[in-house]
Amino acid sequence: QVQLVESGGGLVQAGDSLRLSCSYSGRLNFINYIMGWFRQAPGKEREFVASITTRGWTADYSGSVEGRFNISRDNNKNTVDLQMNSLKPEDTAKYYCTADRSLAKLRGAGPDYWGQGTQVTVSS
């Protein structure tokens, strides 16, 4: 059984910060997996937010969040976090923690594993 559980979402005002956390567990050797964050707002397609490589040495960000968000992982604690700064109303979405062996597939067809999501709402 594979489980990814997000936490840390909430209601904030524009310009505020939030830190999302994802705890993962199960049969997978997550040290071999790319971890990523996606988000989806009502009526909109899902959107890639950020990813981080297996050892946490390289991170990728979408253009809409680069410079404001930071992804990190702790392979000893089996957690991946998303620090979100200078939040904007357009960041409002449900945020999902994901995992896949391939960065190309994670960005393309989509990750193999998903959490249930945590809601982030940013008021103006």
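For the structure given in this document, a descriptive report is provided here. (Residues numbered from 1 in each chain as written. Predicted model: local features only at pLDDT ≥ 70, side-chain atom pairs only at ≥ 80, totals over all residues. Heavy atoms only, no water.)

On a plain count of helices and strands, the protein chain comes out with one helix and eleven strands. When the helices and strands of the protein chain are placed in sequence order, the string is β-β-β-β-β-β-β-β-β-α-β-β. Here the protein chain has a C-alpha radius of gyration of 13 Å; the compact-globule value for 124 residues is 14 Å, and the two agree. The principal-axis extent of the C-alpha atoms belonging to the protein chain is close to 40 × 30 × 25 Å. Residue burial in the protein chain is summarised as follows: out of 124 residues, 43% are buried. Of all intrachain contacts in the protein chain linking residues separated by at least 6 positions in sequence, the fraction that spans at least 24 positions is 57%. When the accessible surface of the protein chain is split by element, carbon and sulfur atoms take 43% of a total near 6,400 Å². (Helix = DSSP H or I, 4+ residues; strand = E, 2+ residues; numbered from the N terminus. Rg over C-alpha atoms; globule rule 2.2 N^0.38 Å. Buried < 20%, exposed > 50% of the residue type's maximum accessible area, 1.4 Å probe, protein only. Contact = heavy atoms within 4.5 Å. Areas by Shrake-Rupley, 256 points an atom, 1.4 Å probe, with all protein chains shown as cover.)

Let us now look at the pattern of salt bridges. The full count for this structure, using the stated rule, is six salt bridges. Residues joined in a network through salt bridges with shared partners are Arg39, Glu47, Arg68 and Asp91. (Salt bridge = Lys/Arg side-chain N within 4 Å of Asp/Glu carboxyl O.)

Attention now goes to the environment of glutamate 45. Relative to the elements of secondary structure, glutamate 45 occurs in the loop between strand S4 (34–40) and strand S5 (47–52). Apart from residues lying up to four places away in sequence, glutamate 45 is in contact with Arg39 and Gln40.

Don't take any of this as a statement about function, it's just geometry.
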